[in-house]
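# Coordinate inspection notes
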Amino acid sequence: MDDVARMYELQQVDLLWTKVKRRLLQIQKLLGESTELQEARQQLAGVEESLGAWTKRQVAGELETRTLASKIDETETMLMSGQVRNPKELEALQANLESLRRHRSQVEDQVLEAINQLETLAPQVAQSQAVVDKLEAAWSSGQADLRQEETKLKQNYLLIRRKREAVCAAMQPEMLERYEHMRQRKGGVAITTLDQNTCNACHVSVPTGVISNVRNGSATLVVCPSCGRFLYGR
């Protein structure tokens, strides 16, 4: 195999290497929770936080209601016992009783509001949890596939690197240098083939004389007059 053929072989190895590297970078970006799942988690957390807050308000309200009911019973018992005879003291007890009753009514309204809010939020939590569960299941399955693909690509990456090292070692240093220089200048494609009379890189027709040199297997490098890349005749 001459150096032109080896150069073309190296080009195919590098194209495959680039493709594998690009896919590995894509997988690295895809590994981890998607934006959709993160947003669904945030929404669920927000609804659960509201549910927890209203639950605390209901519990606290019910506790306060029982405390107020006890105080109201005590005050009513004192008023009816006849132990308090002073008109001012009786008036104060009655005013206190009315205040306790008003306060209890307000707290009961707050408890009712909390119950209504909980009845609204409970289905929202269930719905949000279902969305998260569905997204998590799809995400977990996708992550497993990505991990498996990543493992295979990393193995291929090592094999391709070893192949590249072997091809480079078999080439003349001057030819390898020219290839690397051209590849850097031409966006990763230093050498290409002909499709009948057309350059496969720039898709421009090549003169007959150039085609003959390529087809005849010239030992020297033949350059596409249009894009300047090396041409190889398979």
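Treat the numbers as computed from the prediction; the structure is a model and nothing was measured.

## Examining the overall build of the protein
Looking only at helices and strands, the protein has five helices and four strands in total. Start at the N end of the protein and walk to the C end: the helices and strands fall as α-α-α-α-β-β-α-β-β. Relative to the 2.2 N^0.38 estimate, which gives 17 Å for 234 residues, the radius of gyration of the protein is 41 Å and therefore markedly larger than a compact globule would have. In the protein, buried positions account for 30% of the 234 residues. Summed over its atoms, the accessible surface of the protein is roughly 15,100 Å², and 50% of this surface lies on carbon and sulfur atoms. Side-chain charges in the protein split into 31 positive and 31 negative, and the spacing between the mean points of these groups amounts to 12 Å.

## Digging into the sheet that holds strand 4 (residues 230-232)
Judged by pairing direction, the sheet is mixed, and its four strands sit side by side in the order 2-1-4-3 without closing on themselves. At either end of the open sheet lies a strand with only one pairing partner, and these are strand 2 (198-199) and strand 3 (222-223). Of the strand pairs in this sheet, strand 1 (residues 191-195) and strand 2 are connected by two bridges, and their pairing is antiparallel. Across the sheet, residue Leu194 finds its bridge partner in strand 2, namely Cys199. Contacting strand 1 and strand 4, helix 1 (residues 3-30) crosses the sheet at an angle of about 100 degrees to strand 1.

## Brief notes about the confidence of the model for the protein
Put simply, the protein has an average pLDDT of 91, and 98% of its residues get 70 or more. Across the protein, element-level confidence peaks in helix 4 (residues 173-185) with a mean pLDDT of 94 and bottoms out in helix 5 (residues 208-215) with 88.

Rules of the game
Residues numbered from 1 in each chain as written. Predicted model: local features only at pLDDT ≥ 70, side-chain atom pairs only at ≥ 80, totals over all residues. Heavy atoms only, no water. Helix = DSSP H or I, 4+ residues; strand = E, 2+ residues; numbered from the N terminus. Rg over C-alpha atoms; globule rule 2.2 N^0.38 Å. Buried < 20%, exposed > 50% of the residue type's maximum accessible area, 1.4 Å probe, protein only. Areas by Shrake-Rupley, 256 points an atom, 1.4 Å probe, with all protein chains shown as cover. Lys, Arg positive; Asp, Glu negative; His and termini not counted. Charge placed at Lys NZ, Arg CZ, Asp CG, Glu CD. Pairing = 2+ DSSP bridges. Contact = heavy atoms within 4.5 Å. Axes fitted to C-alpha atoms, helices over the stretch in contact; angles between N-to-C directions. pLDDT = per-residue confidence, 0-100.

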